[in-house]
Structures are given as C-alpha cells and as structure tokens.
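So the chains spell out like this:
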Protein chains: 2
Amino acid sequence: MASASDGPRAAGAGRPSTVGRPRDTGRDRAILRATLALLTETGYEQLSMEAVASRSGVAKTTIYRRYPDKAALVAAAAEYRSAGTPPEPAAAGLRENLLALVGWLAHQIAEQEVGLLGALFAGMRSDPRLAEEMRRILRRDEVAMTEHPFGEAVGRGEQVAPHAAELFAELAPAVIVHRVVVAGGRCDERFVEHLVDDILLPLLRG
Amino acid sequence: MASASDGPRAAGAGRPSTVGRPRDTGRDRAILRATLALLTETGYEQLSMEAVASRSGVAKTTIYRRYPDKAALVAAAAEYRSAGTPPEPAAAGLRENLLALVGWLAHQIAEQEVGLLGALFAGMRSDPRLAEEMRRILRRDEVAMTEHPFGEAVGRGEQVAPHAAELFAELAPAVIVHRVVVAGGRCDERFVEHLVDDILLPLLRG
DNA sequence: TCGATACGAAACGGTAGCGTATCGAAAGGG
DNA sequence: CCCTTTCGATACGCTACCGTTTCGTATCGA
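Residues numbered from 1 in each chain as written. Chains lettered and ligands numbered in written order. Predicted model: local features only at pLDDT ≥ 70, side-chain atom pairs only at ≥ 80, totals over all residues. Heavy atoms only, no water.

As recorded by an unreviewed UniProt entry, chain A carries the name TetR/AcrR family transcriptional regulator and is attributed to Amycolatopsis ultiminotia.

Quick look at the structure:
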C-alpha cells in the first residue's frame, strides 16, 4: 500500500510515469482539504469517499487513483495538515530550546481542531490500517523533532540524561494531547513553561 | 433520547408499568456489560446492536425495548460501568503504592477508558449531551484516584513534592493513554515500572 | 500527431447495519 | 385464570457507501 510518507500513490502500477497526462496538483490539494474539512465535521467513520469527491469537486476515480483506501487518504490528509518543521535550536541553552520546541509542538497540536484530533483518535481505534499509517507519520515526526536539541546540548557540555530524547518524545506529546483533548484546556505560555520547568527539565537533566 | 441518568427506558410508551411480565434485570446487566466489552474491543463505530445482542445472549428486540438507539445504549453503559475503585495503599512505601496504583490505572485505561474515549469523540458530534456525560465520567475516576496515596506518604514522613497529586493526575493518565493509543503499545509490568521509576518518582519526590 | 495517462460521469455488485414488524411462547400480577 | 407485558427468533425494508468498472473526453510529453 502507498504509505503517507510516499505521498500520493505513484501513477500507473506503482512507479512514476513521465509520459501521459500529468496529475493535477490542484486536485491533490482540493482532495486533502476536503478530507480535512469533512473529517473535522463528521469524524472518521462518517467520512465517505463520495462526500470527499463531492466536496472537492473531483470524481471518485481521481481519489482512488491516488490513495488505495480511506485509511491512506486520511493519513495523507493528516500529514498534509501538519506539514511543519520544528524550530531550529537557537544558540541559547537547553531550556530555551525546549521552550521553543514545546511551544511549537503545543501550537501544532492545539491548532488542530479538537474535532480533527478526536476523529483521528477514534479512527485509529476502529481502523488498524489508519492506526498503522498514523503511527508511521508520528514516529517520523518524533525522530525529526528530537534529533537536534539534545545533541546540541550535549555538544555544549550540558548535563543531559542518557535517554533524554526518548523520554521527551514519550512525555511532551502525551501531556499536551491529554490537556487539549481530555481536560479541554488551553496551551498557553504558562502551560508551556510549566511543562518544561516542572516536568521535562528535571527529568532530562537527570 | 433517553439520557443515561434516566436509566433504561421505561416500559410501554414511557411510563413504568405495574402489570404484565416484569423486565428481567439480569438481561439489563447482560446488555450493558456486553456493550462495555464490545466498546473497549472494537470502538464506538464498530459497535453494532447485533453484536451487542449476540454477545449478551439477548434478542435485538430486548435492547430496543430499553434504549431508543445506539447513543442511549452507550451512554447508559458508560454510566453503569463499575467505577472501579483504586487499590488501597498498602503499608509499604510510596514506590510500592505507586506501582500498584499505576498498574491499576493502566489496566483501567487500556481495558475501558480508551473505548469510552472513542465513543466520546464519535458521539460528541451527533449528541453533545453524550460527550458531556463521557467527560464527566472520565474525570470522575482520575480525581478519586489521587486522593489517597500521597496523603499517606506524607503521613509516613516520606518526602513528597508540593503538588504531587496534581502532577500525578496530569502525567500518569497522559502517558498511559499516549502509549496505548498513539504508540499502540501494551501496558505490561515493564512499562509500569518504567513510568514509576523513570518519570513519576523522580518528579514526585522533588 | 500520437501514445499514454488523467479526469469525469455513471452504474454496479456487494456488504453492512439500523430500526421495525410479526409471531408465538413465557411469565408475572390482580 | 386472564390480561398485560416481556422475550426470542426471524425476516424485512431501507439507507449508506465502499471499491470497481466502463467509457468518452481532455491534456500532457515526445
């Protein structure tokens, strides 16, 4: 199956084609945007390919030419939505870098519609294919996010716990998501500082 | 819809009946238990009335005689759900109590609450009251859980961080849910120990 | 121009599950 | 004993929608 990290499924039988009529990238965007909108409005299970086709003004064939099934489409849409790169670590210390990173992460998560998070959440429970796709994306982002700040901190001679990166990846998204989804709270500056100063830093410094 | 606080729908056209064959309360329980089991196994959308009937050994008619639709059934099941009581703190130290508490919490979340969360997100669009009900139920346990162990630890003279209870309530459910849903991992003994020793204890002891 | 591919429109088979209806039998109360 | 209601079994109509297929048309690269 075409994973989300591959982007839209390659033309033809799997490999990109140079001949023939090229794909319309405008339709790519229309499909993903319609998917996100409907996902937020109605949830994963209620999301129908026909509705996506109708909303995006595209024939169903055009969708199935790109994505093998609903799970792949939704995963691609989620990835399309959160296509941001974490901030580069500045020159400052670990705390400043963590503040920036957590702030960015909180913004990424909180900015999503709560309905979208819930839809993905519920969809992962009901559709193993979607769960697999989503976890692939999450793992990739996780790695990309935690590569820099801790390595740099070590390079500066700061004291960092041995498994700081793993611990960060395990804690930060969990606490943020839990706050947004379950508790229904906001992710303001105070919360970011609380998360960094009261939870992350004490643990990551050992 | 019949809200969960109304309990099973009254007999006949809405008012309780004294004449005729009485309802079988054993079937009431069987229905709700089957609903809860299927809810945690497959999620809200996958939950079919036919599956509930089959699992509970009851005819579909018997379900629809009690609940007008799926949302009402799920709400009633969530309300019925045994609000499991956390384990009493033993005589041992804080670590042992935390291990027991986190183990119980992990089991509780993995076996029950994830399904309820899925139902929450699936149902909140079609029925806001159901969503509110779910949030209330989910919070109920998290609060009731953090009362005992830290107070006792302080009583024994153990060193405990000032806001240990709040920190615990913020961290433990978040990390567990994140592991179950996002990472897709199991909550075995190793994970419980990791959560207690590597995350909770260092923070809660200050 | 030609070949290959993308696109839209529409129809199709198949699956699934909801909620209803019907029927006979069982089980309680007055 | 009779009336009322519950319960099981089953069939049913209905809706939804997935994923596929077909065919005619549009649009690109070579």
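Read on for the rest.
**Regarding the interface of chain B and chain A**
Contacts between chain B and chain A engage 35 residues on the former and 33 residues on the latter. Here chain B and chain A share an interface that buries about 2,700 Å² over both sides, 64% of which is from carbon and sulfur atoms. Between chain B and chain A we count 0 salt bridges in total. Summed over the shared surface of chain B and chain A, the result is 4 residue pairs in polar contact (both at pLDDT 80 or more). (Contact = heavy atoms within 4.5 Å. Buried area = accessible area lost by both parts, 1.4 Å probe. Salt bridge = Lys/Arg side-chain N within 4 Å of Asp/Glu carboxyl O. Polar contact = N/O pair within 3.5 Å; in protein donor to acceptor, adjacent residues only side chain to side chain.)

**Examining the protein's contact with DNA strand D**
The environment of DNA strand D is formed by 28 residues, the closest being Ser48(A), Glu50(A), Lys60(A), Asp24(B) and Thr62(B). When the atoms of DNA strand D within 4 Å of the protein are grouped by moiety, sugar and phosphate amount to 69% of the total. For DNA strand D, a phosphate oxygen lies 3.5 Å from a polar atom in the backbone of Glu50(A). Note that a phosphate oxygen of DNA strand D is positioned 2.8 Å from one of the side-chain N or O atoms of Arg66(B). Of all elements in the fold, only α2 (49-56) and α3 (60-66) of chain A together with α3 (60-66) of chain B reach the threshold of two or more residues within the surface near DNA strand D. (Near = heavy atom within 4 Å. Helix = DSSP H or I, 4+ residues; strand = E, 2+ residues; numbered from the N terminus.)

**Brief notes about the UniProt feature "DNA-binding region" (unreviewed entry) in chain A**
UniProt's feature table lists "DNA-binding region" (unreviewed entry) at residues 48-67 of chain A, given in the numbering used throughout. Span residues 48-67 of chain A is 75% helix and 0% strand, its end C-alpha atoms 14 Å apart. (UniProt positions renumbered as here; feature names shortened; annotations may be inferred.)

**Some words on the domain arrangement of chain A**
All names here are of chain A. Taken domain by domain, chain A holds domain 1 (22-69) and domain 2 (82-204). Here domain 1 and domain 2 have C-alpha centroids that lie 29 Å from each other. With 7 residues of domain 1 in contact, the opposing surface of domain 2 contributes 10 residues. Of the roughly 640 Å² buried between domain 1 and domain 2, counting both surfaces, carbon and sulfur atoms make up 66%. Taken together, the connections running from domain 1 to domain 2 amount to 1 residue pair in polar contact (both at pLDDT 80 or more). The class makeup of the residues in the side of domain 1 that touches domain 2 is 3 nonpolar, 2 polar and 2 charged. (Domains from an automatic or database assignment. Nonpolar A, V, L, I, M, F, W, Y, C, P; charged D, E, K, R; others polar.)

**A closer look at the pattern of salt bridges**
Summed over the entire model, instances satisfying the criterion amount to 17 salt bridges over all chains. Notably, a salt bridge pairs Arg66(B) with Asp28(B), separated by 2.3 Å at the nearest N-O pair. With a gap of 38 residues between them, Arg66(B) in helix α3 and Asp28(B) in helix α1 (residues 25-42) connect regions that are remote in the sequence. The pair formed by Arg66(B) and Asp28(B) is uniform in burial state, with each residue classed as buried. What emerges from the salt-bridge pattern is a single network uniting Glu79(A), Arg140(A) and Asp141(A). (Buried < 20%, exposed > 50% of the residue type's maximum accessible area, 1.4 Å probe, protein only.)

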